[in-house]
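Chain by chain, the residues run as shown.
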Amino acid sequence: MQTERLNSKHGYAIPTQAIWAGEERVVIACHGFGSSKASPMIQALNQTLPQKGCGVVSFDFPAHGESPVWQEGLRVPYCIDDLAVVEAYVRAQRPQAKIGYFGSSFGAYITLLYLSQAAVHGERAFLRSAAVAMPALVDSWVDQKAREDIARQGYFVPDYDYVREIRVTDAFLQDLEAYNVFDRYKAGTAALSMVHGGQDSVAPYQAAQAFAAAAGADFHTIPQGEHNLMGEGELEQVLAWSSAFLLAD
């Protein structure tokens, strides 16, 4: 595994890891909100895709994992820009490779926003438990206490057991209002395949299903699956679907 600290456009380092496998294919993996490049899903990709001749490059979004910044870096445009920096790195390392994306939850949301505005990008993206309704999801956390915390200290901390304390600022909330994937993503921008759990209580199933229909994406359902899709046999199903899709000619 190769580790790098890439230079963000916003003055901080982007902790990045790469597992190269041949010259022909690379998947850029984007983790979920409050997670990191060390997530069980990305570790599973690291074990699976290189065996099939496909490299995997993952990174930490700002204010996540090993990122050196906190709430000041947690901005939607910064996350999109970081994905662009990582893709430029991949293209420099593997100029001939076909690039695909694997996005989980918030990472799927950022991947779609990136694809909607990048002039040059890969042709395929697999989206797991896509938080296409991310603005509404985070807005549901903003209660009276959250507003008081923002007024007092500039951020609030969602009541979730994240890997690292996540600090949500008013600037991030405004970003989410401005970045709606239903408005920004155009059908045909890239080939999309999605998988979602029928019992997902975090990223609503109906929103993902509606987005898939509007974007022309393949849509897989795991009826009893929850948000992390780590129930019995679920990870194996996600890996099988994503590998088949991302490695297709």
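This one's a predicted model, so the numbers in the text were calculated from it and none came from an experiment. (Residues numbered from 1 in each chain as written. Predicted model: local features only at pLDDT ≥ 70, side-chain atom pairs only at ≥ 80, totals over all residues. Heavy atoms only, no water.)

1. A short note on the overall build of the protein
Quick note on the threshold: In this description a helix means any DSSP run of H or I spanning at least four residues, a strand means any run of E spanning at least two, and both kinds are numbered starting from the N terminus. Within these notes, the globule rule equals 2.2 Å times the number of residues to the 0.38 power, and the radius of gyration is based on C-alpha atoms. Each residue's exposure class comes from its accessible area (1.4 Å probe, protein chains only) as a fraction of the maximum for that residue type: buried when under 20%, exposed when over 50%, partly exposed otherwise. Any two residues whose heavy atoms approach within 4.5 Å at even a single point are treated as in contact. Only the protein chains shown count as covering a residue, and every accessible area follows the Shrake-Rupley method with a 1.4 Å probe. Charged residues are defined here as Lys and Arg on the positive side and Asp and Glu on the negative side; His and the ends of the chain fall outside this count. Just so you know, the charge point we use is NZ for Lys, CZ for Arg, CG for Asp and CD for Glu.
Helix and strand counts for the protein stand at nine helices and eight strands. A compact globule built from 249 residues would reach a C-alpha radius of gyration of about 18 Å, and the protein, at 17 Å, matches this within 12%. Projecting the C-alpha coordinates of the protein onto the three principal axes gives extents of approximately 50 × 40 × 35 Å. Taking all 249 residues of the protein together, 56% fall into the buried category. Across the protein, every contact between residues at least 6 apart in sequence was considered, and the portion connecting residues at least 24 apart equals 72%. When the accessible surface of the protein is summed, it comes to about 10800 Å², and 46% of that surface belongs to carbon and sulfur atoms. Charged side chains in the protein number 18 positive and 28 negative. The centres of these two groups are separated by 5 Å.

2. Some words on the pattern of salt bridges
Rule in force here: Between Lys or Arg on one side and Asp or Glu on the other, a salt bridge is scored when a side-chain nitrogen of the former is within 4 Å of a carboxyl oxygen of the latter.
Scanning the entire structure with this criterion turns up eight salt bridges. A salt bridge links Glu23 to Arg94; the shortest N-O distance between them is 3.7 Å. Pair noted here: Glu23 is in the loop between β2 (13-19) and β3 (25-30) and Arg94 is in the loop between α2 (76-93) and β5 (98-104), with a separation of 71 residues, a long-range link. Given the relative accessible area of 48%, Glu23 is considered partly exposed.

3. Regarding the packing of helix α1 (residues 40-48) against helix α9 (residues 234-246)
Worth spelling out the cut-off: Simply put, an axis is a line fit to the C-alpha atoms, just over the touching stretch for a helix, and the angle between two N-to-C directions goes from 0 to 180 degrees. For classification purposes, angles smaller than 35 degrees are called roughly parallel, those larger than 145 roughly antiparallel, those between 65 and 115 roughly perpendicular, and all remaining angles oblique. Left-handed describes a crossing whose near helix is turned anticlockwise from the far helix by less than a right angle; the clockwise case is right-handed. Gly falls in the polar group here, along with every residue not listed as nonpolar (Ala, Val, Leu, Ile, Met, Phe, Trp, Tyr, Cys, Pro) or charged (Asp, Glu, Lys, Arg).
Here α1 crosses α9 at 55°, and the two axes come no closer than 11 Å. As judged from the angle between their axes, α1 and α9 are oblique. Pair α1 / α9 crosses with right-handed handedness. On α9, the residues touching Met41, Ala44, Leu45 and Thr48 of α1 are Leu235, Val238, Leu239, Ser242 and Ser243. The class makeup of the residues in the contact of α1 with α9 is six nonpolar, three polar and no charged.

4. Digging into the nonpolar core
Note on soluble globular proteins: their nonpolar side chains tend to be buried together. The cut-off we apply is this: Residue types Ala, Val, Leu, Ile, Met, Phe, Trp, Tyr and Cys, when buried and joined through side-chain atoms within 4.5 Å, form a set referred to as a nonpolar core.
Of all hydrophobic cores here, the largest spans 67 residues; its most connected members are Phe33 and Tyr109. Non-local contacts of Tyr109, meaning those with residues more than four positions away in its chain, are made with Val76, Ala131, Met134, Pro135, Leu176, Tyr179 and Val181. Ala44, Leu45, Ile222 and Leu239 belong to the second largest nonpolar core, which has 20 residues in total.

5. Concerning helix α3 (residues 106-117)
Because an α-helix packs 3.6 residues into every turn, residues spaced three or four apart end up facing the same way. The criterion, for reference: Any helix carries an expected span of 1.5 Å times its number of residues minus one.
An ideal rise of 1.5 Å per residue puts 16 Å on 12 residues; α3 measures up with 17 Å between its terminal C-alpha atoms. Among the 12 residues that make up α3, 10 are buried, leaving the element largely enclosed by the rest of the structure. Within α3, burial applies to Phe106, Gly107, Ala108, Tyr109, Ile110, Thr111, Leu112, Leu113, Tyr114 and Leu115.

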